[in-house]
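Summary of structural features
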Amino acid sequence: MDQNIFRKRIREVQNFLKESEVLLIFAAPQKIRNRDVEYKFRQDSDYYYLTGIEEEDGVLVLRRDFSAHFALPKDKEKEIWTGIRLGKEEIEKRLELDQSFDLGEWESKISDILTNQFTLYHFFGKDSKRDSELLELISSLNRRLREGKFGPQRWEIPNFLHEMRMYKSPEEIEKLKESSRITALGHERLFRETKVGMYEFELESILESEYLKHGAWGGGYGHIVAAGKNATILHYTTNRAKIGDNELILVDSGAEKDYYTADVTRVFPSGKKFTSEQRTIYQLVLDVQKQAILDTKQGVEFNAVHEKTVKNLTSGLIDLGLLKGELSEIIEKGEYRRFYMHRTGHYLGMDVHDVGRYFENGKSKSMQNGLVVTVEPGLYFDPTDETIPAGFRGIGVRIEDDVLVNGDDPIVLTSMIAKEVDEIEAMRA
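Numbering of residues begins from 1 in every chain and follows the order in which that chain's sequence is written. Only residues with pLDDT of 70 or above have their local features reported here, since the model is predicted, and side-chain atom pairs are shown and tallied only from 80 upward, although totals for entire chains, interfaces and linings are computed over all residues. Just so you know, side-chain values use all the structure's heavy atoms and leave hydrogens and water out.

**Here's the deal with the packing of aromatic side chains**
- Stacked, tilted and edge-to-face are the three classes assigned to paired rings of Phe, Tyr and Trp, where Trp is represented by its six-membered ring and a pair needs centres within 6.5 Å; plane angles under 30 degrees give stacked, over 60 edge-to-face, the rest tilted. What the rule picks out here adds up to 15 aromatic pairs.
- Plain terms: the ring middles of Phe6 and Tyr48 are 5.8 Å apart, the flat faces sit at 80° to each other, and that makes the pair edge-to-face. Residue Phe6 is found in helix α1 (residues 3–16), and its partner Tyr48 is found in helix α2 (residues 45–51); the two are separated by 42 residues along the sequence. You'll find Phe6 and Tyr48 in the same group, each marked buried. By definition, any uninterrupted DSSP run of H or I lasting at least four residues is a helix, any uninterrupted run of E lasting at least two residues is a strand, and each is numbered from the N terminus. Accessibility here uses a 1.4 Å probe with only protein chains present; expressed as a share of the type maximum, an area under 20% marks a residue as buried, one over 50% as exposed, and anything in between as partly exposed.

Structure (C-alpha cells):
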C-alpha cells in the first residue's frame, strides 16, 4: 500500500489518544519450528496495519504529541544471512515519525517513554514474558512517586484500533477482492481436477500451488479438505484420507495476499453428480445461505442473521423429517445443534477471524457499511448416529462466501466461485 495510508493511520491513532496516554504496538517475533528451523514469517496484523513493515521485533510507540519506533539495527553480517534491514532512519522517514531508535535501546528508553503517562494501551495476553516485564517496569516507576514521577495507572487493551480495522477502506476492499479472485482459481481447479482415488492432501497441494502462483502468501489459515465423513469434523485439517465413490468433498480454504485473506467453503461430489440425499441437504443449506446474504445489510444486528439462519435450517430439517416437534421448542431446547453447531459468520480482513467486538453492552452490534463478514451456514450428520436415515449419515455441507456490507445491497466478494448444483455438476462432468 501507499506509505501515506500508514502515515494517516498513525495520525488517526494519535488523534484518538488523550494527554498522558501511550500506545505500544509490537511486531511479531521470528518463531522456531524445530531445532534451528524457523517458521515462515508472518507479521503481526496490528503492527502491519499501522506501519506496513514486515521485519520482526520492532516496536511502535505513539502518544498524542510523540511518535517513535524501535527497529532491528543495520548489521552487514546478519543481513547477508537474513536479508537487508530497513534500519531506524529509513523507518523514521517512511512513517514521518518524531524519533527512531535501534532495538537495543529499548530497555534504556522505555522508562522515559512511560514516565508520567497515566494510561498504557497494549495488547496484553499476546506475550506473557513481555507483559510481565512491562508490569514490573510500571511497578518500579510507581515507587518513584516522591520524586514527582509515576508510571501508568491504567492498562487497557486498545480496542479502538480494532474498531478502526473492522471497517475496510476502498484500498482494503480491493485487497480482499484480489484474495478472493485467487481463491476462486484454486477452488475451480478442484472442481475440474478432483478424481476418485486421489488423496485429500493432493487437493490441498493444488490449492496452495495455485495461491502461490498468483503471488499470495499461501492460505490465510490451514486448508480444510474433508472427504466423506471427514466433512462432519468442523476444523478437520489432517487431509490424509483417500477419496471414495459417491462422497461429498468439503473444501474450506482462502488465499491471503498482501495481508488480507479470503475465507471460502465449497462442497462438491467426488463423482459427476450429487446423490439424492446429498443434493437435498446441499440445496437446503444453499437456499438458507442465499437468504442470510440478503439479510447482511447496514443496520441489521449481526446476531440476527444467525438467529434467522437457525430458524430456516431447523424448519428445513423438520420438513425432511430429520427433526420432530414444534419449531420454537426445538430452537429453545437447542436440538438443532445435533446438525448445526457453529455460528453463521464472523468478521473478515487481515485475520480470518478478524478483530472487533460482536456485542456492546450485552447487545449485538449492528452491521455498518465497510464491514466484511463471512456467511457460512452448514449441516453435519454424524456417521455413527443410527437414528439418522442411512443415506444422510456422514454428510457434511457448509457453503461460505465473503460479503461486504453495502447499504441494502450486500456485495458478495466471492460470487465468482460456483455454488449452484447445476454449475458444480457441469464442472464435475
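Let's pick the thread back up.
**Looking at the sheet that holds strand β1 (residues 21–26)**
- Taken together, 6 strands build an open sheet; the order of strands is β6-β5-β4-β1-β7-β8 and the sheet is mixed. Single-partner strands in this sheet number two, and they are β6 (99–102) and β8 (154–156). Averaged over all pairs of adjacent strands, the angle between strand axes in this sheet comes to 15°, irrespective of strand direction.
- By definition, two strands form a pair when at least two bridges between them are found by DSSP. Pairing geometry for strand β7 (residues 119–121) and β8, over 3 bridges, is parallel. Of the residues in β8, the one forming a bridge with Tyr121 is Glu156.
- Any two residues whose heavy atoms approach within 4.5 Å are treated as being in contact. Note on geometry: axes are C-alpha line fits, over the in-contact stretch for helices, and angles between N-to-C directions span 0 to 180 degrees. The sheet strands contacting α1 are β1, β4 (59–63), β5 (66–71) and β7, and the helix crosses β4 at an angle near 45°.
- Its contacts with the sheet put helix α6 (residues 128–141) on β1, β7 and β8, and the angle it makes with β1 is roughly 155°.

**What about the nonpolar core?**
- To qualify as a nonpolar core, a set must consist of buried Ala, Val, Leu, Ile, Met, Phe, Trp, Tyr and Cys residues joined through side-chain atoms within 4.5 Å. Among the nonpolar cores identified, the biggest contains 53 residues, and Leu203, Phe268, Ile281, Tyr282, Leu379, Phe381 and Val397 are the most heavily contacted of them.
- Residue assignment for this core shows that the elements contributing at least two residues are α8 (170–193), α9 (200–213), β10 (224–227), β11 (248–252), β14 (265–269), α10 (276–294), α11 (302–319) and α13 (421–428).
- Broken down by element, this core gets its largest block of residues, 6 residues, from α10.
- Beyond its immediate chain neighbours, meaning those up to four positions away, Phe381 contacts Thr232, Ile281, Leu317, Leu322, Phe339, Ile388, Phe392, Arg393, Gly394 and Ile395.
- Counting 34 residues, the second largest nonpolar core, distinct from the first, contains Ile10, Leu23, Phe123 and Val372.

**Comments concerning the pattern of salt bridges**
- Criterion for a salt bridge: a side-chain nitrogen of Lys or Arg within 4 Å of a carboxyl oxygen of Asp or Glu. Summed over all chains, the structure comprises 39 salt bridges.
- Among the ionic pairs, Asp46 bridges to Arg165, the shortest N-O distance being 2.6 Å. Taken together, the residues Asp46 in helix α2 and Arg165 in helix α7 (residues 159–166) connect sequence positions 119 residues apart.
- By relative accessible area, which is 2% here, Arg165 ends up buried.

**Structural notes on the sheet that holds β11**
- With respect to topology, 3 strands assemble into an open sheet ordered β10-β11-β14, the strand pairing being antiparallel. Sheet topology places β10 and β14 at the edges, where each strand pairs with a single neighbour. Along the sheet, successive strands turn relative to each other by an average axial angle of 15°, direction set aside.
- Across 4 bridges, the pairing between β10 and β11 is antiparallel. In the sheet register, Val225 faces β11, and the bridge partner there is Val251.
- α8 contacts β11 and β14 of the sheet and is inclined by roughly 10° relative to β14.

**Here's the deal with the confidence of the model for the protein chain**
- On average, residues of the protein chain score 97 in pLDDT, and 100% of them reach the 70 mark or higher.
- The quantity known as pLDDT measures the predictor's confidence residue by residue, on a range of 0 to 100. Taking the mean pLDDT of every element in the protein chain, the minimum, 93, falls on helix α3 (residues 76–82) and the maximum, 99, on strand β20 (residues 401–404).

**Side note on unusual backbone geometry**
- Unusually for a residue other than glycine, Asn116 sits at a positive phi of about 65°.
- The residue Asp258 is not glycine, and still its phi comes out positive at about 55°.
- Looking at the element boundaries, Asp258 is found in the loop between β12 (255–257) and β13 (260–261).
- On the accessibility criterion, Asp258 (40% relative accessible area) is partly exposed.

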